[in-house]
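Here are the chains, one letter per residue:
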Amino acid sequence: MKKVLLAINFDEGLYNFRRELLESLLAAGYEVHIAVPAGEYRGRLQQMGCIFHDTALNRRGTNPLQEIILLRTYSGILDTVRPDVVMTYTIKPNVYMGILCGHKKIPYLTTITGLGTAVEGSGLLQRLTRRLYKTALKRAAIVFFQNEANKKIFENMGAALGRHRMLPGSGVNLRHFTCQPFPEGDTVGFLFISRIMEEKGIGQYMDAAEAVCKNHPETRFRILGFLEEDYKERERFERLQREGIIAFIGSVEDVIPYIRDSQCTVHPSYYPEGMSNVCLESAACGRAVITTDRPGCRETVQDGKSGFLVREKDSKDLISKIEQFLSLSLEARMEMGKAGRRYMEKRFDRDLVTARYLEAVDEITGRKDGGDENELI
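To keep things clear, this report deals only with the structure shown in the data block. (Residues numbered from 1 in each chain as written. Predicted model: local features only at pLDDT ≥ 70, side-chain atom pairs only at ≥ 80, totals over all residues. Heavy atoms only, no water.)

### Observations regarding the packing of aromatic side chains
Put simply, the rule reads: The criterion for an aromatic pair is that two Phe, Tyr or Trp rings (for Trp, the six-membered ring) have centres within 6.5 Å, with stacked assigned to planes under 30 degrees apart, edge-to-face to planes over 60 apart and tilted to the rest. Numbering of helices and strands runs from the N terminus, with a helix taken as a DSSP run of H or I at least four residues long and a strand as a DSSP run of E at least two residues long. Categorising residues by exposure relies on relative accessible area from a 1.4 Å probe, with only protein chains included: less than 20% of the type maximum marks a residue as buried, more than 50% marks it as exposed, and the intermediate range marks it as partly exposed.
One pass over the structure, following the stated rule, counts 12 aromatic pairs. Ring centres 5.1 Å apart and planes at 75° place the aromatic pair F144 and Y357 in the edge-to-face group. Residue F144 is located in strand β6 (residues 142-145), and its partner Y357 is located in helix α13 (residues 350-365); the two are separated by 213 residues in the primary sequence. Neither F144 nor Y357 differs from the other in exposure class; each is buried. An angle of 15° between the planes, with centres 5.1 Å apart, marks the rings of F190 and F221 as stacked. Note that F190 is positioned in strand β8 (residues 188-193) and F221 in strand β9 (residues 219-224), a separation of 31 residues in sequence.

Below is the structure:
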């Protein structure tokens, strides 16, 4: 039996965004191993039939001792499992597993799920990470990108040239995220879904909530997500909750009821996204999306048709687009959401993404020839 090893930094992300891939690999007869820090989704992944390998990975850590331990852990897993192909996601698995697989001559394919703050920029850490990335991708069989801007950066780095392929992000499960009934009534709900951190645009969202609520008291601004411990505007965040301008729900396992209860999702992120799952899932549910005109976000919206694009870090532009949405009739808002759903069906069906990954694994393991690399662009 052929063995596939997936390495990623977060078990929740693996389960929520790549569960269909795991199911397809298992159904195709592969023995599936996963190297990921143990979390609350460990049991679910094991129940699916995946073989779990706990890895002590600190996503933001830069402690050299911790990084050496992670490298040794990955090396031990590779030596024990002896996989026929390794699939990696997120920066540390991409870099460390890539270097190790190249050294051990194990075929591997890498997915660039966004650059992250450790890559985007010109500081010492960013320059070092880019250099490590170039080394890690030197022997990669395939490198998948989720947006053209990220692909261009790696092309300019001279990393894995000729082995680049495109995917529309992780795609969205259209059977799970179905088109939801549109809320009627006097209240117009806006929704922010993300970790509460500066780069996700929470500051701009709060600016918009304060300004819009003054002229439109019928509006409601909800927030879903984990509040980062080092978030700098915590005092303001808590004050706006007390004043009733924003409503913080916290982290939830199922976002669909909250999307159903809103008319528009607002995602003013300027974080280096690969492809925003928040935007994909909201549009799949038939909701308009207002998001940033930057890579990883702009691809998810047909500006003026399924939502609006705004300039990054520009609260005034965001307020203007929210007010433009409010000026639409109920029927026009509903049609904007329906247009988003059609766009997801046309471009972002997760079944297409899963099939593309399975083709790549079959190609590397010798089960069949690869397909057209531009098939999903």
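### Focus: the sheet that holds strand β11 (residues 264-267)
Note the threshold: Strand pairing requires that DSSP identify at least two bridges connecting the strands. To define axes, lines are fitted to C-alpha atoms, for helices over the stretch in contact only, and angles between the resulting N-to-C directions are given on a 0 to 180 degree scale. Contact definition: two residues touch when any of their heavy atoms are within 4.5 Å.
With respect to topology, six strands assemble into an open sheet ordered β10-β9-β8-β11-β12-β13, the strand pairing being parallel. At either margin of the open sheet sits one strand with a lone partner, and together these are β10 (246-250) and β13 (307-310). Sheet twist, expressed as the average angle between the axes of neighbouring strands with direction ignored, equals 20°. Summarising the sheet, β8 and β9 pair through six bridges and their orientation is parallel. Within β9, the position partnered with L191 by the bridge is R222. Sitting on the sheet, helix α7 (residues 202-215) touches β8, β9, β10 and β11, and the angle it makes with β9 is about 160°.

### Points about the sheet that holds β6
Within the open sheet, the seven strands sit side by side as β3-β2-β1-β4-β5-β6-β7. Their pairing is parallel. Edge positions in the sheet fall to β3 (51-54) and β7 (164-166), since each has one partner strand and no second. With direction set aside, neighbouring strand axes in the sheet form an average angle of 20°. Pairing of strand β1 (residues 3-7) with strand β4 (residues 85-89) involves four bridges; the strand directions are parallel. Along β4, the bridge assignment pairs V4 with V85. Set on the sheet, helix α4 (residues 91-104) makes contact with β1, β4 and β5 (108-112); between it and β4 the angle comes to about 155°.

### Notes on the side chain of T292
In plain terms, the rule: Counted as a polar contact is a pair of N or O atoms within 3.5 Å, where, for protein atoms, one must be capable of donating a hydrogen and the other of accepting one, and residues adjacent in sequence contribute only when both atoms are in side chains.
Relative to the assigned elements, T292 resides in strand β12 (residues 288-292). Relative accessible area serves as the criterion here: at 0%, T292 is assigned to the buried category. A polar side-chain atom of T292 sits 3.5 Å from the main-chain carbonyl oxygen of H267. What T292 contacts, discounting residues up to four positions off in sequence, is H267, P268, S269, C297, R298, L309, V310, R311 and E312.

### What about the pairing of β6?
Consecutive side chains along a regular strand alternate between the two faces of the sheet. Our working definition: Orient the strands so they point away from the viewer; a crossover is then right-handed if the path from the first strand over the helix to the second runs clockwise.
Along β6, one buried face is formed by I142 and F144 and the opposite face, lined by V143 and F145, is buried too. With four bridges connecting them, β5 and β6 associate as parallel partners. Of the residues in β6, the one forming a bridge with T111 is F144. Examined bridge by bridge, β6 and β7 share three bridges and lie parallel to one another. Within the sheet, the bridge partner assigned to F144 lies in β7 and is R165. Handedness of the crossover joining β6 and β7 through helix α6 (residues 148-157) is recorded here as right-handed.

### Let's talk about the packing of α4 against helix α5 (residues 124-136)
Let me state the cut-off plainly: Note on terminology: angles under 35 degrees are roughly parallel, angles over 145 are roughly antiparallel, angles of 65 to 115 are roughly perpendicular, and the others are oblique. Each crossing gets its hand from how the near helix is turned against the far one by less than a right angle, where anticlockwise is left-handed and clockwise is right-handed. Just so you know the grouping, Ala, Val, Leu, Ile, Met, Phe, Trp, Tyr, Cys and Pro go in nonpolar, Asp, Glu, Lys and Arg go in charged, and all remaining residues, Gly too, go in polar.
At their nearest, the axes of α4 and α5 sit 8 Å apart, and the two run at 45° to each other. Overall, the two elements α4 and α5 adopt an arrangement that is oblique. Viewed along their axes, α4 and α5 form a crossing whose handedness is left-handed. Taken together, the residues of α5 that come into contact with α4 (itself represented by I91, N94, V95, G98 and I99) are T129, L132, Y133, T135 and A136. Grouping the constituent residues of the contact of α4 with α5 by class yields six nonpolar, four polar and no charged.

### Some thoughts on the pattern of salt bridges
Spelled out, the test is: Salt bridges are counted wherever a side-chain nitrogen of Lys or Arg sits within 4 Å of a carboxyl oxygen of Asp or Glu.
Here the structure, examined in full by the defined rule, presents 23 salt bridges. E233 is paired through a salt bridge with R236; the nearest N and O atoms lie 3.6 Å apart. With its nearest N and O atoms 2.8 Å apart, the salt bridge here joins D293 to R298. The exposure class of R298 is partly exposed, given its relative accessible area of 35%. Three or more residues are tied together by salt bridges with common partners; here these are D207, E210, E233, R236, R239 and E243.

### Structural notes on the nonpolar core
How we decide: To qualify as a nonpolar core, a set must consist of buried Ala, Val, Leu, Ile, Met, Phe, Trp, Tyr and Cys residues joined through side-chain atoms within 4.5 Å.
Counting residues in hydrophobic clusters, the biggest one holds 31 residues, and the most contacted among them are F190, I202, F221, F237, I246 and I322. Only β8, α7, β9, α8 (234-242), β11, β12, β13 and α11 (315-326) provide two or more residues apiece to this core. Here the element with the most residues in this core is α7; it accounts for seven residues. Not counting chain neighbours up to four residues away, the residues in contact with F221 comprise F190, Y205, A208, A209, V212, C213, I245, I246, A247 and I322. By size, the runner-up hydrophobic cluster in this structure holds 29 residues, among which are L78, V86, I106 and A160.

### A word on empty space enclosed by the protein
Basically, it comes down to this: Cavity and pocket criteria rest on a 1 Å grid covering protein atoms alone: a 1.4 Å probe that fits but cannot get out defines a cavity, protein on both sides within 12 Å along at least 5 of 7 lines defines an open pocket, and an atom within 4 Å of a point defines a lining residue. Grid points are joined across faces, edges and corners, and a volume is the space filled by probe spheres set on the points.
Summed over the entire model, instances satisfying the criterion amount to two cavities of 30 Å³ or more. Approximately 50 Å³ is the volume attributed to the largest cavity. Contributing to the lining of the largest cavity are F17, R18, L21, S170, R350, V353, T354 and Y357. Breaking the lining of the largest cavity down by element, the ones donating at least two residues are α1 (11-27) and α13. Among the elements that take part in the lining of the largest cavity, α13 stands out by supplying four residues, more than any other.

Purely geometric numbers; function is a separate question.
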